[in-house]
Amino acid sequence: MSAGDPIEEQRRQLESWLGSDSYGALRAVVPSVMPAQSLALYARWWQLEAWLRELIYVELRALYGANWLDKLRAASGRQAQDAAYKHMSTSDSENPLAYLDYSQLLQVIENHWGQFEYALLESGSWNGRQEELKRVRHRIGHIRKPHRDDMGRIEQTLRDLERGAFIACAAYNKRILPSPQKFRDAMTAGWVAGEHPTAQRLIRHADIQYGVGLEVRVSRRPWASWPEDLEKAEGLFWHADFYSRDRAVDVRHLWNELRGIRPLIVHMLASHPHHVEFTFSSVDDSAGTADVIGACFDALLYSRRHGSRGIEGTGFDDEGLAEWRSRTDSIDYRIMSSSGWTIVSEDTIPISMFGAGGGVELIPEW
C-alpha cells in the first residue's frame, strides 16, 4: 500500500485511537473469534451500566454524604476478596458499586426511587424494561451470541435516558454563590465570607504569589429543594474550584497528598491540567468540610508541577492532553477528567449524552 492509501490512513487513526495493544487484540479476535456485533453490544451495555453506577454514586452521596457506604454492605464480601490481590487493583477497586450485580443496582434504585425518578423513566416503564435488559446482560455475561434486536433494545434505552442524564449533569454544574448575609454555616462563613483561618492565610497570598485562585459554590440535585439552612442539607453539593494560571497540577501527587481525607471527597474533577475541582456533600459536617478544603488548598499548592508554565509549549497538545486525561482517569474512581460531570451544563445544548441516536436540543425543566 502507498503512504497515501486511505485504508492505511484509517488503520493508523484507529490504532492511535485505541492504542496499539487494544488494536492488536481486537484485530486478532474480531471477527474471526468474536462477532463484531457482540463487541458493539458489550460496549453499549458498558455505557448503560457504567452510567447507572455513576448516577447511583452521585445521588447516594448527595443523600447520605460520607455515610453512603452503609447502604451498600452487600458489596463488601467481593471487595474484600479482591483487596487481597493488591497487585491487581484498578481505579475502581475501592468503589463498592463496582462489585454489585446489575440486579443489585436495580434494587438500590428501587429503594431510593425518589432520588432517581427524574433521571430514569416512569416507574412502570422502567421496571418493565428491565426484564428484557437483564436477558441481554445474561447473554453478554455467559458469552452467548446476541439476539438481532439486543443492540436496538439497549440503544433505545440510552435514547430514553438522554433527558435525565443531561439534567443529572447540568444540575451538578449549575452552581450558586450562597450569601453570607443569609447563611451562616461553616462553609459559607469560612470560604465564601473568607473567615476560615486557611482562607485568611491563603486566598490572597496564593493568588498573588502562585497564580492560584479559588471559587466555592453550591449546587442542588433535581430531587432536592433549597433549604433555609445549608448545614447538613440533603441533596446539595459544595464545589471548590481551583485555577492554577501558571503551572499545571500533578493530579496523582495531589491525590496521594489527600490520603487521609478522601472519604469526604465526592469527586476530584480534573478537566484540564490547570484546573482541579473538589466536590463535597452538604450532608456532612460543614465545619469538617471547611477544614478539608483548607487541606486541599495546601496540598494543591504543593502538588503543582514545577516547570510547566502554561498549557501551550509544554507537551499538552491535543494528543498530550488526551494522554494526560487517560492517566488521570486511571487513578481512582472519584477522579474524573472527561465525563458529563465535568462538561455538561445548560450552555452545552444541543448535546447527545450517549451518542445512540438521541439527544437534548432544548433545556428541560427540573
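Each value, and the rule that gives it
Residues numbered from 1 in each chain as written. Predicted model: local features only at pLDDT ≥ 70, side-chain atom pairs only at ≥ 80, totals over all residues. Heavy atoms only, no water. Helix = DSSP H or I, 4+ residues; strand = E, 2+ residues; numbered from the N terminus. Buried < 20%, exposed > 50% of the residue type's maximum accessible area, 1.4 Å probe, protein only. Contact = heavy atoms within 4.5 Å. Arc of directions from axis to C-beta. Salt bridge = Lys/Arg side-chain N within 4 Å of Asp/Glu carboxyl O. Phe/Tyr/Trp six-rings, centres within 6.5 Å; stacked < 30°, edge-to-face > 60°. Pairing = 2+ DSSP bridges. Axes fitted to C-alpha atoms, helices over the stretch in contact; angles between N-to-C directions.

1. Let's talk about the overall build of the protein chain
Consideration 1: When helices and strands are tallied, the protein chain shows 14 helices and 8 strands.
Consideration 2: Counting only residues that meet the buried cut, the protein chain has 47% of its 366 residues in that class.
Consideration 3: Considering only intrachain contacts with a sequence separation of at least 6, the fraction spanning at least 24 residues in the protein chain is 73%.

2. Here's the deal with helix α5 (residues 102-111)
Consideration 1: Looking only at α5, the buried set comprises Y102, L105, L106, V108 and I109. Considered in projection along α5, the buried side chains sweep an arc of 155 degrees and stay on one side of the axis. Among the exposed residues of α5, those pointing more than 90 degrees away from its buried face are E110 and N111.
Consideration 2: The secondary structure elements touched by the buried residues of α5 are α3 (36-64), α6 (113-116) and α7 (123-141).

3. Quick notes on the pattern of salt bridges
Consideration 1: Scanning all chains against the criterion turns up 18 salt bridges.
Consideration 2: Residue D160 pairs with R129 through a salt bridge whose shortest N-O separation is 2.9 Å. Note that D160 is positioned in helix α8 (residues 150-172) and R129 in helix α7, a separation of 31 residues in sequence.
Consideration 3: For E131, the salt bridge goes to R135, with nearest N and O atoms at 4.0 Å. With E131 and R135 both in helix α7, this residue pair falls 4 residues apart, about one helical turn.
Consideration 4: Shared partners join several salt bridges into a network, and the residues in it are E132, R139, D150 and R153.

4. Digging into the packing of aromatic side chains
Consideration 1: Taken as a whole and judged by the stated rule, the model has 11 aromatic pairs.
Consideration 2: When the ring of W45 is compared with that of Y102, the centres are 5.0 Å apart and the planes differ by 65 degrees; the resulting orientation is edge-to-face. Separated by 57 residues along the polypeptide, W45 in helix α3 and Y102 in helix α5 bring together distant segments of the chain.
Consideration 3: On the basis of relative accessibility, which here comes to 4%, the residue W45 falls in the buried class.
Consideration 4: For Y102, a relative accessible area of 3% translates into the label buried.
Consideration 5: The rings of W51, Y172, F237, W341 and F354 are connected pair by pair, giving a single aromatic cluster.

5. As for the sheet that holds strand β6 (residues 275-281)
Consideration 1: Read across the sheet, 6 strands follow the order β1-β2-β3-β6-β5-β8 without closing on themselves; strand pairing throughout is mixed. The sheet is open, and its two edges are formed by β1 (175-176) and β8 (335-336), each paired on a single side.
Consideration 2: In terms of strand pairing, strand β2 (residues 212-220) meets strand β3 (residues 236-244) through 9 bridges, oriented antiparallel. For S219, the partnering residue across the bridge sits in β3 and is F237.
Consideration 3: Against the sheet, α3 engages β3, β5 (267-272), β6 and β8, with an angle of about 110 degrees to β3.

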